[in-house]
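Close look at the chain arrangement
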Amino acid sequence: MGGFFGAVGKESVISDVFFGTDYHSHLGTRRGGISAFDREKGIQRKIHNITNAPFRTKFENIYNEMEGTSAIGCISDYDPQPLLIRSSLGLYALCMIGIITNADELIEKYFKDNGGQFCAMNGGGVNSTELLSALINQKSDFVSGIKFAQSVIEGTASILLLTSEGKIIAARDKLGRLPVLIGKREGAFCVSFESFAYKKLGYIDEKELGPAEIVEVTSSGVKTLSAPGKKMRICSFLWSYYGYPTSSYEGVNVEVMRCKNGEIMAENDEKSGKTAKIDYVGGVPDSGTPHAIGYANKSGISFARAFIKYTPTWSRSFMPTNQKDRNRIAKMKLIPVEELIRDKSLLFVDDSIVRGTQMKETVDFLYEHGAKEVHIRSACPPIMFGCKYLNFSRATSDMELIARRVIMELEGEEGFNHIDEYISSNTERGKKLREAMCKKLRFASLEFQTLEGIIDAIGIDRENLCTYCWNGKE
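This is a predicted model, so every value here is computed, not measured. (Residues numbered from 1 in each chain as written. Predicted model: local features only at pLDDT ≥ 70, side-chain atom pairs only at ≥ 80, totals over all residues. Heavy atoms only, no water.)

When helices and strands are tallied, the protein chain shows 17 helices and 23 strands. Taken against the 2.2 N^0.38 rule, which gives 23 Å for 474 residues, the C-alpha radius of gyration of the protein chain at 23 Å falls within 12% of a compact globule. For the protein chain, the spread of C-alpha atoms along the three principal axes comes to 70 × 45 × 40 Å. Of all 474 residues assigned to the protein chain, the portion counted as buried reaches 56%. Counting only contacts in the protein chain whose residues sit at least 6 apart along the sequence, the fraction spanning at least 24 positions is 66%. When the accessible surface of the protein chain is split by element, carbon and sulfur atoms take 46% of a total near 20,200 Å². Taking the 60 positively charged and 60 negatively charged side chains of the protein chain as two groups, their mean positions are separated by 1 Å. (Helix = DSSP H or I, 4+ residues; strand = E, 2+ residues; numbered from the N terminus. Rg over C-alpha atoms; globule rule 2.2 N^0.38 Å. Buried < 20%, exposed > 50% of the residue type's maximum accessible area, 1.4 Å probe, protein only. Contact = heavy atoms within 4.5 Å. Areas by Shrake-Rupley, 256 points an atom, 1.4 Å probe, with all protein chains shown as cover. Lys, Arg positive; Asp, Glu negative; His and termini not counted. Charge placed at Lys NZ, Arg CZ, Asp CG, Glu CD.)

As a further point, take the environment of L161. Within the secondary structure, L161 is located in strand β7 (residues 155-163). A sequence separation of 111 residues divides L161 from I50, and the C-alpha atoms of the two residues are 22 Å apart. Those residues in contact with L161, other than ones at most four positions away along the chain, are Y92, A93, L94, F142, K167, I168 and I169.

Before going further, it helps to examine the sheet that holds strand β1 (residues 3-9). Taken in spatial order, the seven strands of this open sheet run β3-β2-β4-β1-β10-β9-β11, and their pairing is antiparallel. What marks the edges here is a single partner per strand, and that holds for β3 (42-49) and β11 (204-208). The mean inter-strand angle of the sheet, taken between neighbouring strand axes irrespective of direction, is 15°. Note that strand β2 (residues 31-38) and strand β4 (residues 70-76) share seven bridges and pair antiparallel. Each residue of the ladder has a partner; that of A36, found in β4, is A71. Of the strands in this sheet, β1, β2, β4 and β9 (181-185) are in contact with helix α1 (residues 14-22), which crosses β4 at around 15°. (Pairing = 2+ DSSP bridges. Axes fitted to C-alpha atoms, helices over the stretch in contact; angles between N-to-C directions.)

Keep in mind that these numbers describe shape and distance, not what the molecule does.
This is the structure:
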């Protein structure tokens, strides 16, 4: 997905932006970049490949390479950024998080209307940030340009822009699918995706941008350039999986939500009579763990870590681009605690079940080490639709999703007309889905959190949440 961090201060903010950006490393694995403004040096920029090394190791010399009282940094899962852009609006640095799903259409229209060009990447693709800049540059000022870009982009684009005057312009995407927060400390203000990133650096909460809101950030304060819209669809999956435990979005802490979510799942199991004789409840690390803690606390079943994820050398299971290698590394990371597995009935809670490949590897691993039974609970409903608003999934087709594949096997394409039934465990179709997935993935039992349950755990107005990946409703 990616994340960003920017700061403006009366003194150097390079250290703040270095650490603040590094705190977004859980959101991206391919590129990291920093751009800074200094009155003598102007705008500077550094971009590094972080595929096989943490952000901080590639930017550890940044203090000697850059100076600036304002800077922006970005972690990206795809395109290199920030980009330096020179246009009729002046020289500026630009980065974005999100995805432009209608990029090809916008590129062709740009060629037709402007006759311009883009730098092509391998395979002929265009850097999304460069396309964003081309859209912004079609207007006479940054605010008009950003509003125009967000009006024509299908997908999501939250933006950080560093001007040649050292100001930061920040814009949250038009429906607020991703968070953008402002922090402040004496003599400085910052912009961040993750709230904990700036709190660790001595900043306190100033405000959270509303959907489509655009602000100008200087060392003196935050000025609203375009008021927030009324309609919001923040991604529910942020709380279930992507968000860092210590962060809060729309006032709701991620760790607190996950624990509550697990409690609701335990209550659902008890009400439906689906509880089995379980020796231990555990979480599939890392994001499944707090859901499991909530489940264990509510059910009264002991929590235990039957296996540990080895992270010193394999901190990110999705580093390789090849799926086979990613699966192998994911398995290499799992170190068993034999005494907690052998001859035990275990219940594991995971944040989600997407393709099912990694979950099957985990369950096979547990049986190989002597587990008697492995029951699985998913902390969110079955994923039925690939996300078209955020690039958190590498899926290129809905048919990569395990729930979709099972439905196709059960009744063909007709089944896709009954998604709501398959989501529910109280319907015949829902029961068949769960039975088929258990057989395919070797689960002793399987249940998913309900849509109502996860919305209750988040605790904000349902109308403000995006649940597209579960029920296809925008």
